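# Summary of the model geometry
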Number of protein chains: 2
Amino acid sequence: MSGTTSARMEEDPLPCGMTGKRVLIVYAHQEPKSMNGSLKDAAVMELGNQGCQVTVSDLYAMNFEPRATKKDFEGPLNNSNFFNYGVEAHTAYKKGFLSSDVVEEQKKVREADLIIFQNQISQNFYSSPKSLLYCTRWSSKAMSVKFPLYWFSVPAIMKGWMDRVLCQGFAFDFPECFDRGFLQNKLALISFTTGGDAELYSKTGLSGDIKYILWPLQHGVLHFCGFKVLAPQISFAPEYTSEEKRKEMVASWASRLETIWKEKPINCTPSWYFE
Amino acid sequence: MSGTTSARMEEDPLPCGMTGKRVLIVYAHQEPKSMNGSLKDAAVMELGNQGCQVTVSDLYAMNFEPRATKKDFEGPLNNSNFFNYGVEAHTAYKKGFLSSDVVEEQKKVREADLIIFQNQISQNFYSSPKSLLYCTRWSSKAMSVKFPLYWFSVPAIMKGWMDRVLCQGFAFDFPECFDRGFLQNKLALISFTTGGDAELYSKTGLSGDIKYILWPLQHGVLHFCGFKVLAPQISFAPEYTSEEKRKEMVASWASRLETIWKEKPINCTPSWYFE
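Residues numbered from 1 in each chain as written. Chains lettered and ligands numbered in written order. Predicted model: local features only at pLDDT ≥ 70, side-chain atom pairs only at ≥ 80, totals over all residues. Heavy atoms only, no water.

The condition that has to hold: UniProt positions are given in the numbering used here, feature names are shortened, and annotations may be inferred rather than shown by experiment.
As named in an unreviewed UniProt entry, chain A is Ribosyldihydronicotinamide dehydrogenase [quinone], taken from Monodelphis domestica. If you open the UniProt record of chain A and go to Sequence similarities (unreviewed entry), you find "Belongs to the NAD(P)H dehydrogenase (quinone) family."

### Re the packing of aromatic side chains
All names here are of chain A. Note the following rule: Working definition: rings of Phe, Tyr and Trp (its six-membered ring) pair if their centres are within 6.5 Å, and the pair is stacked with planes under 30 degrees apart, edge-to-face with planes over 60 apart, and tilted otherwise. Numbering of helices and strands starts at the N terminus; helices are DSSP runs of H or I of at least 4 residues and strands are runs of E of at least 2. Burial classes: relative accessible area under 20% of the type maximum marks a residue as buried, over 50% as exposed, and values in between as partly exposed (1.4 Å probe, protein chains only).
Inspection of the entire model under this criterion finds 41 aromatic pairs over all chains. Taking the centre distance of 5.9 Å and the plane angle of 25° together, the rings of Y212 and F274 count as stacked. Note that Y212 is positioned in helix α6 (residues 210–223) and F274 in helix α8 (residues 270–274), a separation of 62 residues in sequence. One exposure class covers both Y212 and F274, and it is buried.

### Side note on the UniProt feature "domain: Flavodoxin-like fold" (unreviewed entry) in chain A
According to UniProt, the positions carrying the feature "domain: Flavodoxin-like fold" (unreviewed entry) are residues 21–118 and 147–256 of chain A. The span residues 21–118 of chain A shows a helical share of 43% and a strand share of 18%, and its end C-alpha atoms are spaced 19 Å apart.

### Looking at the interface of chain A and chain B
Stated precisely, the cut-off is as follows: Pairs of residues are marked as contacts when any of their non-hydrogen atoms sit within 4.5 Å. Buried area counts how much accessible surface, traced with a 1.4 Å probe, disappears from two parts once they are put together, with both parts' losses summed. In what follows, salt bridge is the name for a side-chain nitrogen of Lys or Arg lying within 4 Å of a carboxyl oxygen of Asp or Glu.
Contacts between the two partners involve 74 residues from chain A, matched on the other side by 74 residues from chain B. With both chains or domains summed, chain A and chain B bury close to 6300 Å², and 65% of this area falls on carbon and sulfur atoms. Here chain A is connected to chain B by two salt bridges. The salt bridge involving A:E65 is made with B:R67; its shortest N-O contact spans 4.0 Å. Of all the secondary-structure elements, those providing two or more residues to the side of chain A that touches chain B are α3 (85–95), α5 (156–165), α6 and α8 of chain A. Top element by residues in the side of chain A that touches chain B is α6(A). It accounts for eight residues.

### Concerning the relation of the copies chain A and chain B
Heads up, the condition is: What sets the superposition is a least-squares fit of C-alpha atoms, and only residues with pLDDT of at least 70 in both copies go into it.
You can overlay chain A on chain B at an RMSD of 0.0 Å; the transform is a turn of 180° with a shift of 0.0 Å along its axis. Both copies of the chain, as the preceding transformation shows, are related through a two-fold rotation axis. Proximity to the rotation axis, assessed at the C-alpha, singles out A:A156 in chain A; its C-alpha lies 2.4 Å from the axis. A share of 100% of interface residues in chain A that are also interface residues in chain B marks the association as one of identical surfaces.

### What about the side chain of B:H90?
Residue and element names in this part refer to chain B. Quick note on the threshold: Pairs of N or O atoms within 3.5 Å make up the polar contacts considered here, provided that, within protein, one atom can donate a hydrogen while the other can accept it, and that residues adjacent in sequence are counted only when both atoms are side-chain atoms.
Residue placement: H90 occurs in helix α3 (residues 85–95). For H90, a relative accessible area of 14% translates into the label buried. Here D173 takes part through its side chain, which lies 3.3 Å from a polar atom of the side chain of H90. In contact with H90, not counting residues within four places along its chain, are Q168, G169 and D173.

### A word on the packing of α5(A) against helix α5 (residues 156–165) of chain B
Heads up, the condition is: Think of each axis as a best-fit line through the C-alpha atoms, taken over the contacting stretch in the case of a helix, with angles from 0 to 180 degrees between the N-to-C directions. Any angle between 65 and 115 degrees counts as roughly perpendicular, while under 35 counts as roughly parallel, over 145 as roughly antiparallel, and the rest as oblique. The residue classification treats Ala, Val, Leu, Ile, Met, Phe, Trp, Tyr, Cys and Pro as nonpolar and Asp, Glu, Lys and Arg as charged. All others, Gly included, are polar.
Running from N to C, α5(A) and α5(B) point in directions that differ by 175°, and their axes come no closer than 8 Å. The angle between α5(A) and α5(B) falls in the class roughly antiparallel. Here α5(A) contributes A:A156, A:K159, A:G160 and A:D163 to the contact with α5(B), which in turn contributes B:A156, B:K159, B:G160 and B:D163. Looking at the contact of α5(A) with α5(B) residue by residue, the class counts come to two nonpolar, two polar and four charged.

### Things to note about the environment of A:F174
With respect to the helices, strands and loops of the structure, A:F174 is situated in the loop between α5 and β7 (187–193). When the C-alpha positions of A:F174 and A:Y212 are compared, they lie 27 Å apart, and in sequence the two are 38 residues distant.

### Comments concerning unusual backbone geometry
Geometrically, the link from A:F174 to A:P175 is a cis peptide bond, its omega value of 15° lying close to zero. Relative to the assigned elements, A:P175 resides in the loop between α5 and β7. Phi angles above zero are rare outside glycine, and B:F152 is one such case at about 60°. Positionally, B:F152 belongs in the loop between β6 (144–145) and α5. Despite not being glycine, B:F178 has its phi angle at roughly 50°, a positive value. Take B:F178: it is sitting in the loop between α5 and β7 (187–193).

### Description of the pairing of strand β2 (residues 22–28) of chain A
Residues and elements named next belong to chain A. Basically, it comes down to this: Pairing between strands is defined by DSSP: at least two bridges between them are needed. Handedness of a crossover: with both strands directed away from the viewer, a clockwise path from the first strand across the helix to the second marks it as right-handed.
Judged by how many residues are buried, β2 sits mostly within the fold: six of seven residues are covered. The pairing of β2 with strand β3 (residues 53–58) spans six bridges and is parallel. For V26, the partnering residue across the bridge sits in β3 and is S57. The parallel pair β2 and β3, bridged by helix α1 (residues 35–49), forms a crossover whose chirality is right-handed. Across six bridges, the pairing between β2 and strand β4 (residues 114–120) is parallel. Counted as the bridge partner of A28 is N119 from β4.

### Regarding α3(A)
All names here are of chain A. Taken residue by residue, α3 has Y85, G86, E88, A89, H90, T91 and A92 as its buried positions. Tucked inside the fold, the buried residues of α3 contact α5. G96, located one to two residues past α3, shows a positive phi value of around 80°.

Here is the structure:
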């Protein structure tokens, strides 16, 4: 499928025990030359060098459908008089008539040991003090701010991937959720860029602690499905730094991936986020 | 446009000073007979009875496009060698060549005194103890849980409305953001249903405080654009209660709307959410 690529690089010696690991990168950025594109490429390269099989779902290139509608079901509805998307998705999953694009993504998830979500997640703040920002009641920091593109969350195209792919029956059921979720033997990690620096995303910063933004995604989505959540990879403000610094960020990500399989998951409970 | 409806009911005497207020309801549910549909209908009726002009953007009926792509720009790109959606949207807004569906929504926002976002926002938990849920480390409550449809956030179709409609230049600029945002003379309110009861969305509940989920939406989106944010309208667990209770919830919403114009906004700072 367009937008889906696989890479396996077996020329180099493999790190101990890493052979055969599979990684899915769910990637949402329109511009291949963007920082997000570079981070995705670095992951494909590094993980490929380790002998991992890497699959990329390039959502914009795939023109992935974000809307949760009746079109997702290629068989009779459970209740055609009262449309309940969640119930219908559960039924369609069990009966095997979810739409093919959803089935294909579920297959990739099922096969993966690690899923990386790579995207631009939040306000594109930058803190180079070109202007004073007086626009908030509790902060008077000197800063300027640039377009808050995806509004403290993932872009709609990636939200739609989560809404449609991680359906009941496939990713969770009851009581098979949170630590019992069906995806409990998999790792997940959100890698993202921001427009602002770390200070802006601190407890006293204008945007509040970056962890506040991660709660719905890491706990509400990933942990709910059982994923062991690895610490997020945050690339702060790449648009407002030097080319050298951007290269350092990409190198730092690649370096982290060298030992990613040895990392322990975070404790994905409220204490990690709010204390 | 399909999915967009207006209502103005002028037969009844108007409440004092309410004449001529305009309300936009951004509505995301596939099923007109759903609780969300009923809440939307109740708002149209009550506000219409007040003499307000009510417009509904019924996103599923409109098949609203959630993806932020080059198709949103009906003129030359600012930089065709490096696509940056936020920069292009800002440019296209200033030059007047945003796509017509975005322009139409911006017109509705510009004309509105109050915007209500009506949708199913979070996990469809229910707490009728049909089964014990052992699936979490920090809670051992007896409960059962049902499909977490929109993952602690708005559905992708509504996220896409936010991503595309509230662009730089229209909703904010710098330093015109937060209390200085361009939409500072407007009220906004998120009205939503959950699957779980209030206890589940408490600080010690499995889902954490419901306010945690609202931070990215109310602060990161609405407050950022300048909106005065009214307290959210939360209809807990309508699917797992009686018809009588559901009617009470709808009546309670309609009753609140009778005096909505007298309400004071919340203090949309971290203290409201996390203390």
